[in-house]
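A closer look at the structure
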Amino acid sequence: MSLPPFYPLTITHHLVDVPNHHQLAEMTIQDGATAEGDAPQLSKNQLKKLAKGKGKKDKPKPTWNQPGEGKKKKDDTNSNGASTNKAISLPKKTYVNDTPKGEKKKLGEMEEAYHPAAVESAWQDWWEASGFYSCSPQIAMSKPDSEKFVMVIPPPNVTGSLHLGHALTAAVEDTLTRWHRMKGDATLYVPGTDHAGIATQSVVEKMIMKQSNQTRHDLGRDAFISKVWDWKAEYGSRITTQLRRLGSSVDWGRERFTMDDMCSKAVIEAFNRFHEAGLLYRAERLGNWSCALKSAISDIEVDYIDLEGRTFLEVKTHKGNPNDAKGRYEFGVLTSFAYPVEDSEEKLIVATTRLETMLGDTAVAIHPEDARYKHLHGKFVIHPFNGRRIPIVCDAELVDMTFGTGAVKITPAHDPNDYECGKRHNLEFITILTPDGAINHNGAPFQGMMRYDARIAVEDALKEKGLYVGKEPNKMRLGLCSRSGDILEPMITPQWYVNCDGMAKRATDAVRNGELKIIPNEHEKTWFQWLDNIRDWCVSRQLWWGHQIPAYFATKLGEEGILKTDMNNNHRWVVARSEEDAYEKAEKLLGCPRDEIILERDEDVLDTWFSSGLFPFSVMGWPDNTDDFKAFYPTTLLETGLDILFFWVARMVMMGLQLTDVLPFHTVYLHAMVRDKDGRKMSKSLGNVIDPLEVIDGCTLQTLLEKLDAGNLPPKEIARAKKDQEADFPDGIPECGSDALRFGLLAYTVQGRDVNLDMKRVVGYRLFCNKLWNATRFALQFVSDFQPTANILEELMNSGKMAVRDKFMISRLMACCETVNDCFSNYKFGDAQMTAYSYWMNDVCDVFLELIKPVVYDKSDENKDNRWAAQATLWVAIESGLRTLHPMMPFVTEELWQRLPGRGTLGDSEPQTIMLADYPQSNASFRNIEAEESMEITMKIVRACRSLRQQYNIANKVLTHFFVKVAPGTAEAAASAQTDDIKTLGKASAIDINPDESSLTKSVGIVVVDESTTVLMDIKGLVDYNAEIKKLEKQLSKTTAPMEQLETKMAAPGYDDNVSEEVKAANNERLDGLKKKAADIEEAIANFKNLAELESTEN
């Protein structure tokens, strides 16, 4: 194929360009561009930019796009094409919902633009009132497990409100639920909230103190618990409101609260069964104690901070260190002091990072082989403050004689290693702290001091006695309570424990043998690491709010000295299902009648995770064999965040296996953690927590700042958080709606463990909703006189009336359905989201809607079949596309689906709602790869046509004549078969395929598409070459001036010696760029002059 001498532009295009995540917001913001005016970016070399010209171009606005929305100013992008907009302004319309609550939404005239509040109103109430979320246990029992989908919601704490991490959970879970429901599975999604023992008690205690200056002890237990229930009744609905606004299709009729009657019954039964199985016991052990909470906490509720050396920290439970200007206390030092050896002038030097614990020392340990201390074997040292004789013990297991002095102080009641040493040597265990962290009577003369104030006082007292040796920086790790942030104290207290060894083995075996799948499977390693090394679970908490432990201490009337704190009386504890049951057991235990028995119930409550661990089966009515339990247990899937894999997931598996003898679910899907755009964890302490409703409804910057002021952050943290909010949301958060939020969050699940959420991406999906709305609104014009049937797709495929474009559209629909279904099956929500997005943006909006315009507008009899096929294809593409999107975007898809023509006329099997419609499945026989390949070739030619028009600034109203040279075979057949489509999208007056060379004019613009395709455009009389040349000459002058200045600067004396290599490199790069730009401009000028001469020769 010969070519004319001038072909300034070469491009290659692909049919489908799926945006990556960094491009998404920018692409959606350009949703005003359609196939008419959506000219692709051609190339980055300067000649192509120059050939386009710098004059303002008139881009046509499609009638189906909201005027102005999503348009982006030219200078709102950086060099990479990324948006630099600090604020995105979206229209917000006041909407009044006039649909009576629970009734089907009244659909008025379709708005010209998408408004989330209007679209998302009324549907949730109707879905819920109609019972669409419910599932009959009888129906479920009639189906095999493969046709059931049951899931319980990870119950959020009743104390708070949902944040965007919860919103991601809701988006993933509801997407799966709606997908399974549309597939025809017996589907149940159970909601609930957790009583959150520590958090809720803390919130209510603060409220009472603020309102009446009373503590819970002032009120008494019963009155305080009543206050908590009142608080729950008043504020507990915040979470359910958020879930409804997010569109979560949970069965609200089965909503559970972990302290309601059903769940409480399960807790009591589980406690008793553990005890009857010999797994639950009461023991006095060293454990983690929170002085702030005055309660024990489990090992996995401990956070750690590493100190590199001497560090000062604030301790909120203390009044403040008077020796520090900020009242902080010293940590990360090793303090040495001396114990006087009994009946000797000798002193034994020991060291500790917790000096106050010396008040509870009951031994000093040395290594039996340490020659320095052989003479001290069997001797004693004397405690300097109370005169206690402290034995010197030999312990090769604990003591490293090469470290320090080789002598170690032993405080068995306040250190894990010392605790074991104390048991080996039968030492005395002396507790020196009260529950709130003050020194008790065993620490006289420091009794009453808080523990770190006592640390300072003990150091001063040792100095006075001449026993203080010194201190030095020391690396150490501090354990913090994850609930209160308090520095934990090892304390010996009586607690209830559950032996988890057997349950943990069953849980690990289930994963190892494939019965339980953890997705992503990379987390199996941490599952094994934790469960293979599990310790007994401390399940008691010294709180009032929670499930009071169903254990009773039994004594006889008149008995004295029988203390429940004495472990020797442990056999007096009766575990029972009720007080009546407890009396019956106590009668047998004590051998006396009921009227001689005194029962005292344990005041402690159970760890919150105990009741949460029962959630998958307690919500179904266990331990009763209810219809729900028979139909819906075990559940199908547990979906949650990685952060509670051990807190909750492992315990559910262990408890489910122990109590029901089956796994509570067969799959665990762990979604990514949501962080802010800078990668920081979303936390109230950072002030970066976003309420989903603030995104759904929009939120002013002032409201965001006021929320920070109303919190309990320190002033410095408030100031920093405000600065971040002002930078991220200078005009607040625009109204995005639930659909955009869900869709945006799902997009992030293609990433790794953590999600760095940029709110501007969510706004981008708000614009996609607008695209969806306006595309459907525009399409409705094309099918206003079309009557679909219940089997319209089959009728269409068997009609013999379909053009290539129709076959292409149905084939792309089938491909979309296949991919999305596969992605949902494999928990690839981000891929499913992007596939559906690409289908709508590329296949429906950019290609098919534009192609069928002339076909639908032509109502002649000759075009009747073509028009029907185009209308039928469009109806199927839109209707099936909406069903495909529905699990991810429930509101807008329901609204648009209900507006499609033919709704309510498709027979008895037609569903009332899109959520009960069949989910689209791919039919392999409807795939047409030839049609897709033909369309790809066609679109390459179309893009070349558009590029040429844009290159030469051809006005939209002017049609141009194109010549397409294609190699024989597939490409030629495609171009010939879709000539009309090329004319439509390329804005052509005529398309000549493989014309004779003699028919070509000399004044043509050319695009070489690939090795087999070249497109030429007749530009004779369409381009003002002189005007274009003047523009280029002006640009050349603006380029040569800075180029010459830079050359002069670089040639100046001393440049090479005085300018850094970095600056030299930057200058060389800039100079090369300017030279290239100037050369390209000069070449473009020459080309335009050549074209002008060719055209004048023809004339």
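Residues numbered from 1 in each chain as written. Predicted model: local features only at pLDDT ≥ 70, side-chain atom pairs only at ≥ 80, totals over all residues. Heavy atoms only, no water.

1. Here we look at the overall build of the protein chain
Each helix and strand in the protein chain was counted, giving 37 helices and 34 strands. Counting only residues that meet the buried cut, the protein chain has 55% of its 1099 residues in that class. A fraction of 77% describes how many contacts in the protein chain between residues 6 or more apart in sequence connect residues 24 or more apart. Summed over its atoms, the accessible surface of the protein chain is roughly 47600 Å², and 48% of this surface lies on carbon and sulfur atoms. Looking at the protein chain, you have 132 positive and 160 negative side-chain charges, and the mean spots of the two groups are 4 Å apart. (Helix = DSSP H or I, 4+ residues; strand = E, 2+ residues; numbered from the N terminus. Buried < 20%, exposed > 50% of the residue type's maximum accessible area, 1.4 Å probe, protein only. Contact = heavy atoms within 4.5 Å. Areas by Shrake-Rupley, 256 points an atom, 1.4 Å probe, with all protein chains shown as cover. Lys, Arg positive; Asp, Glu negative; His and termini not counted. Charge placed at Lys NZ, Arg CZ, Asp CG, Glu CD.)

2. Remarks on the pattern of salt bridges
Enumeration over the complete set of coordinates arrives at 67 salt bridges. One salt bridge in this structure joins R285 and D536, with 3.8 Å as the shortest N-O distance. Residue R285 is found in strand β6 (residues 280–290), and its partner D536 is found in the loop between α15 (524–531) and β21 (537–538); the two are separated by 251 residues along the sequence. For D536, a relative accessible area of 22% gives the class partly exposed. Connected through salt bridges with shared partners, the residues R310, E330, E459, K463 and K471 form a single ionic network. (Salt bridge = Lys/Arg side-chain N within 4 Å of Asp/Glu carboxyl O.)

3. Notes on the packing of aromatic side chains
One pass over the structure, following the stated rule, counts 39 aromatic pairs. Considering the side-chain rings of F385 and F446, the 5.1 Å spacing of their centres and the 85° angle between planes classify their relative orientation as edge-to-face. Of the two residues, F385 sits in the loop between β14 (380–382) and β15 (389–394) while F446 sits in the loop between α12 (416–424) and α13 (451–464), which places them 61 residues apart along the sequence. Both rings, one in Y839 and one in W840, keep their centres 6.1 Å apart while their planes meet at 85°; by these two values the pair is edge-to-face. Neither residue differs from the other here; Y839 and W840 are each classed as buried. Joined through ring pairs, the aromatic side chains of F271, F274, W496, W537, F553, W573 and F610 make up one cluster. R285 extends its terminal NZ or CZ atom over the ring of Y497, reaching a point 4.8 Å from the ring centre. When the ring centre of Y468 is taken as origin, the NZ or CZ atom of K463, which lies over that ring, is 4.9 Å away. (Phe/Tyr/Trp six-rings, centres within 6.5 Å; stacked < 30°, edge-to-face > 60°. Lys NZ or Arg CZ within 6 Å of the ring centre and 35° of its normal.)

4. A short note on the packing of helix α27 (residues 804–825) against helix α32 (residues 929–951)
When two helices pack together, their arrangement is given by the angle between their axes and by how far apart the axes lie. Running from amino to carboxyl end, α27 crosses α32 at an angle of 110°, the nearest separation of the two axes being 8 Å. Classified by the angle their axes make, α27 and α32 are roughly perpendicular. Between α27 and α32 the crossing geometry is left-handed. Residues V804, R805, K807, F808, S811 and R812 of α27 pack against I929, A931, E932, S934 and M935 of α32. Across the contact of α27 with α32, the residue classes tally to 5 nonpolar, 2 polar and 4 charged. (Axes fitted to C-alpha atoms, helices over the stretch in contact; angles between N-to-C directions. Parallel < 35°, antiparallel > 145°, perpendicular 65-115°, else oblique. Left-handed = near helix turned anticlockwise from the far one by under 90°. Nonpolar A, V, L, I, M, F, W, Y, C, P; charged D, E, K, R; others polar.)

5. A word on the sheet that holds β21
Across the sheet, which stays open at both edges, the 4 strands sit in the order β7-β6-β19-β21 with antiparallel pairing between neighbours. Unpaired on one side and paired on the other, β7 (295–297) and β21 mark the two borders of the sheet. Sheet analysis places strand β19 (residues 489–498) next to β21, joined by 2 bridges and oriented antiparallel. When the bridges of β21 are listed, V498 appears paired with W537. (Pairing = 2+ DSSP bridges.)

6. Overview of helix α9 (residues 221–235)
With 15 residues, α9 should cover 21 Å at 1.5 Å per step; its first-to-last C-alpha distance of 21 Å lies within 8% of that length. Looking at the packing, one finds that the buried side of α9 touches α7 (197–212), α8 (216–219), α10 (238–245) and β26 (605–606). (Expected span 1.5 Å × (residues − 1).)

7. Examining the environment of T893
With respect to the helices and strands, T893 occurs in helix α31 (residues 890–899). It is 14 Å that separates the C-alpha atoms of T893 and D918, two residues lying 25 residues apart in sequence. Dropping the residues within four chain positions of it, T893 is found in contact with L882, L885, H886 and I914. At a separation of 2.9 Å, a polar atom in the side chain of T893 contacts the side chain of H886. (Polar contact = N/O pair within 3.5 Å; in protein donor to acceptor, adjacent residues only side chain to side chain.)

8. What to know about the sheet that holds strand β28 (residues 667–671)
Pairing within the open sheet is parallel, and its 3 strands lie in the order β20-β28-β27. Looking at strand neighbours, the two that pair on one side only are β20 (517–519) and β27 (637–641), the edges of this open sheet. Put simply, the sheet's adjacent strands are angled 15° from each other on average, direction ignored. Across 5 bridges, β27 lies against β28 in parallel orientation. Within β28, the position partnered with L637 by the bridge is T667.

9. Observations concerning the state of the cysteines
Counting across every chain of the model gives 0 disulfides. Looking at the unpaired C135, the closest cysteine sulfur is the one in C263, lying at 20 Å. Note on C135: relative accessible area 9%, which makes it buried. (Disulfide = S-S within 2.5 Å.)

10. Concerning the confidence of the model for the protein chain
Interpretation of this model should avoid reading the predicted coordinates in detail wherever pLDDT is low. For the protein chain, per-residue confidence averages 87 on the pLDDT scale, and residues scoring 70 or more make up 90% of the total. The model gives residues 1–88 a pLDDT under 50, and that stretch makes 195 contacts with residues more than four places away or in other chains. (pLDDT = per-residue confidence, 0-100.)

11. A closer look at unusual backbone geometry
Omega for the peptide link from W622 to P623 comes to 15°, which places this bond in the cis form. Relative to the elements of secondary structure, P623 occurs in the loop between α18 (615–618) and α19 (627–632). In this model, Y633 is joined to P634 through a cis peptide bond whose omega is 5°. Mapping P634 onto the fold places it in the loop between α19 and β27. The backbone of D661 shows a phi angle near 65°, a positive value even though the residue is not glycine. Mapped onto the fold, D661 is located in the loop between α20 (645–660) and β28. The exposure class assigned to D661 is exposed, which follows from its relative accessible area of 53%.

12. Concerning the side chain of D185
Checked against the element boundaries, D185 lands in the loop between α6 (164–182) and β3 (186–190). Buried and without a salt bridge, D185 has K183 as its closest oppositely charged side chain, separated by 4.2 Å. Engagement of the side chain of D185 in a polar contact is seen with the side chain of H180, the distance being 2.8 Å. With sequence-adjacent residues up to four places away left out, D185 is seen in contact with S146, E147, K148, F149 and H180.

13. Some details on empty space enclosed by the protein
Using the criterion set out here, one finds 4 cavities of 30 Å³ or more in the structure. Mapped onto the lining of the second largest cavity, the elements with two or more residues apiece are α7 and β26. (1 Å grid on protein atoms, 1.4 Å probe; cavity = no way out; pocket = protein on both sides within 12 Å on 5 of 7 lines; lining within 4 Å. Points joined across faces, edges and corners; volume = space filled by probe spheres on them.)

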